[in-house]
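Read off the chains here:
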Amino acid sequence: MMEGEILAATLVPPGSMPPDSSMTLEQKTTFVFVILLFIFLGILIVRCFRILLDPYRSMPTSTWADGLDGLEKGQFDYALA
């Protein structure tokens, strides 16, 4: 006997067939939903690693003080008063 036959013989009692392994509709739907969640999780992980590796790529090129007219950068606090 080969090793696979020994393993199969110990798992399945002699004279009995394994039960039908077909999935119900609810199980199939759940399986697809879990797979989609794993894909979504993978996309989020890749996106987070890309931001961690190059954080300045996703930032806009302008700064918060570009829109102030007539004020120097750093004088924003005085303009509010």
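Residues numbered from 1 in each chain as written. Predicted model: local features only at pLDDT ≥ 70, side-chain atom pairs only at ≥ 80, totals over all residues. Heavy atoms only, no water.

In the nomenclature of an unreviewed UniProt entry, the protein chain corresponds to CTXN3 protein from the organism Crypturellus undulatus. Note on the protein chain: under the UniProt heading Subcellular location (unreviewed entry), the record states "Membrane". (UniProt positions renumbered as here; feature names shortened; annotations may be inferred.)

What about the overall build of the protein chain?
Helix and strand content of the protein chain: three helices and zero strands. Carbon together with sulfur atoms contributes 69% to the accessible area of the protein chain, which is approximately 8,000 Å² in total. (Helix = DSSP H or I, 4+ residues; strand = E, 2+ residues; numbered from the N terminus. Areas by Shrake-Rupley, 256 points an atom, 1.4 Å probe, with all protein chains shown as cover.)

Thoughts on the UniProt feature "transmembrane region" (unreviewed entry) in the protein chain
As recorded in UniProt, the sites labelled "transmembrane region" (unreviewed entry) are residues 31–53. Span residues 31–53 is 100% helix and 0% strand, its end C-alpha atoms 33 Å apart.

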